[in-house]
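# Descriptive analysis of the structure
Now for the letters of each chain:
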Amino acid sequence: MRKLLVAVAAAALALSACSSGGGAGSDGNVTITFWDNNGGPAREPIYKELISRFEAANPTIKVEYVGIPSASVQQKYDTAIAGGETPDVGGVTTSYLAHLVGQEALAPLDDRINGGPLKDKLLPSLVETVRQTAPDGKLYIVPSSANMDIIWYRTDWFQDAGIEPPKTWDEFVTAAEKLTDTAANKYGYTIRGGAGSVFQLITEAYSYSGVDDFFKDGQSTLGDGANAELVDKVAKLYKKATPEADVNNSFTQMIAQFTGGSVAMMHHNLGSYSDVTKALGDKVAAIPLPVGPGGKRTVVPNPTDGFAVFNNSENQDAAWKFAEFLTSAESNSYWNEKVGQIPANTDVRSAEWIDKAAHVKMALGVLEDPATVLVPAPVYLPQYSSITKTDSEPQYQKVLLGELSAQQFLDDMAKKLTEAQKEWEDRK
């Protein structure tokens, strides 16, 4: 029994250290806990290498790594906040940043960023996205990397057909139709009609319409007629220039069709780089989402990744030092080269690997262009996910099947988003 009690006590101490950091030792050394918000075999070795470098440069600070699957990380944070056992520093994206800020879980980082080497070294578009997500406009995460929606296309198919990659949505539709040969099981495009479809559709709609704000005078602009025009254009491609199975496509099925060699174009983001290049090699390349008749480049940003320092940490200075290290030029370059995403630190812009990673260079060019207009989706709304996924994905399938008009589909979603925005404003 004595051995059992000792074991239980040891386990409890270990769990406490894992949750909230080991604190400062009598010798002045401190242990901080870091939660990776997308833990897994691909990312853990990258962080372990960076942690090793950090500890070598900061021998008085030890970092304990905890990998949390992305699907459960928000729930894990909520549980940790409720129990007062948060990590010292953690990976956080703008998709749930406002939720954590609303619980007063995070320390604002504006003064730390402006008072150190990261001042004026972070991509302004990412900083602005973080500010727009927080209810009070402060920086509760230091941005580290970003993703962007793009079109992956088969360079060999376009070359064989004598077609240039599309710059406008009208050119896109024409190319999709021209590259389709149903008898040969070849299609110009693949639509994501199942899980995760609506966010992609929203990015397409605003890239076409050029509408520059998600809300105007408190009303959602999603139902704008030009947005509906784009949804209608895409829906009319279904079964004409796309596989019939697309109506149920999640990411897995969509990527399988594209990498399997039966599709010329696919809308996803930079994150599918390894999948498409492993399957297709140099026969695949990326372009930005096309623009609409107005020619204006409007981008609905993907959630921005970054690092937060938690208010409950007893070692906030050490936690910040680690977050600052992860977003330094050398670390930020190492991380983003490995994962194929857009680095937040502007000093990485001149890194040799950027010139070799054409998809990242292209995305950086879009975000750095002063003419590009960012239209952040209201991911801070508590109902946003349920409105755009649970409520709207089945409705989008009805649009593809011709059972619901594009305008009605967007109007219904816009009404719910407007109501959710009003509730959020009232609470704020």
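Above: the structure in question.
What this report covers is the structure whose coordinates are included nearby. As the structure is a computational prediction, the values presented were derived from the model and not from experiment. (Residues numbered from 1 in each chain as written. Predicted model: local features only at pLDDT ≥ 70, side-chain atom pairs only at ≥ 80, totals over all residues. Heavy atoms only, no water.)

## A short note on the packing of aromatic side chains
Two measures describe an aromatic ring pair: the distance that separates the ring centres and the angle between the ring planes. This model, assessed by the stated rule, comprises 20 aromatic pairs. Summarising the aromatic geometry, the rings of Phe214 and Phe215 are spaced 5.8 Å apart at their centres and angled 55 degrees between planes, so their arrangement reads as tilted. With respect to burial, Phe214 and Phe215 carry one shared label: buried. Linked through ring pairs, Phe34, Tyr47, Phe54, Tyr65, Phe307, Phe322, Phe325 and Trp335 together constitute an aromatic cluster. Against the face of Tyr334 rests Arg53, its NZ or CZ located 4.4 Å from the ring centre. (Phe/Tyr/Trp six-rings, centres within 6.5 Å; stacked < 30°, edge-to-face > 60°. Buried < 20%, exposed > 50% of the residue type's maximum accessible area, 1.4 Å probe, protein only. Lys NZ or Arg CZ within 6 Å of the ring centre and 35° of its normal.)

## Some thoughts on unusual backbone geometry
In this structure, Glu104 takes a positive phi of about 55 degrees despite not being glycine. Along the chain, the position of Glu104 falls in the loop between helix 4 (94-102) and helix 5 (110-114). In this structure Glu104 comes out as exposed when scored by relative accessible area, which is 65%. (Helix = DSSP H or I, 4+ residues; strand = E, 2+ residues; numbered from the N terminus.)

## Details of the nonpolar core
Core analysis: the biggest nonpolar cluster contains 81 residues, and Phe34, Leu106, Val142, Met148, Phe322 and Ile342 have the highest contact counts within it. When neighbours within four sequence positions are excluded, Phe34 is seen to be in contact with Tyr47, Val63, Glu64, Tyr65, Val66, Val89, Gly90, Gly91, Phe307, Phe322 and Leu326. Judged by nonpolar contacts, the second largest core, of 55 residues, contains Val198, Phe214, Leu230 and Ala414. (Core = buried A, V, L, I, M, F, W, Y, C linked by side-chain atoms within 4.5 Å. Contact = heavy atoms within 4.5 Å.)

## Let's talk about helix 10 (residues 225-237)
Its 13 residues place the ends of helix 10 19 Å apart at the C-alpha level, agreeing with the 18 Å of an ideal helix rising 1.5 Å per residue. Among the residues making up helix 10, those that are buried are Asn227, Ala228, Leu230, Val231, Val234, Ala235 and Leu237. In this structure Asp224 caps helix 10, since a side-chain oxygen of it lies 2.9 Å from the backbone nitrogen of Ala226. After helix 10 finishes, the residue Lys239 shows a positive phi value of roughly 70 degrees. (Expected span 1.5 Å × (residues − 1). Polar contact = N/O pair within 3.5 Å; in protein donor to acceptor, adjacent residues only side chain to side chain.)

## Here we look at the pattern of salt bridges
Tallied over the full model, the rule gives 18 salt bridges. In this structure, Asp212 and Lys216 form a salt bridge, with 3.3 Å as the shortest nitrogen-oxygen distance. With a relative accessible area of 42%, Lys216 lands in the partly exposed category. Lys356 is paired through a salt bridge with Glu352; the nearest N and O atoms lie 3.3 Å apart. In this pair, Lys356 and Glu352 both sit in helix 15 (residues 352-356), 4 residues apart, roughly one turn of the helix. With relative accessibility at 60%, the residue Glu352 sits in the exposed group. Because the salt bridges share partners, they merge into one network encompassing Glu49, Arg53 and Glu330. (Salt bridge = Lys/Arg side-chain N within 4 Å of Asp/Glu carboxyl O.)

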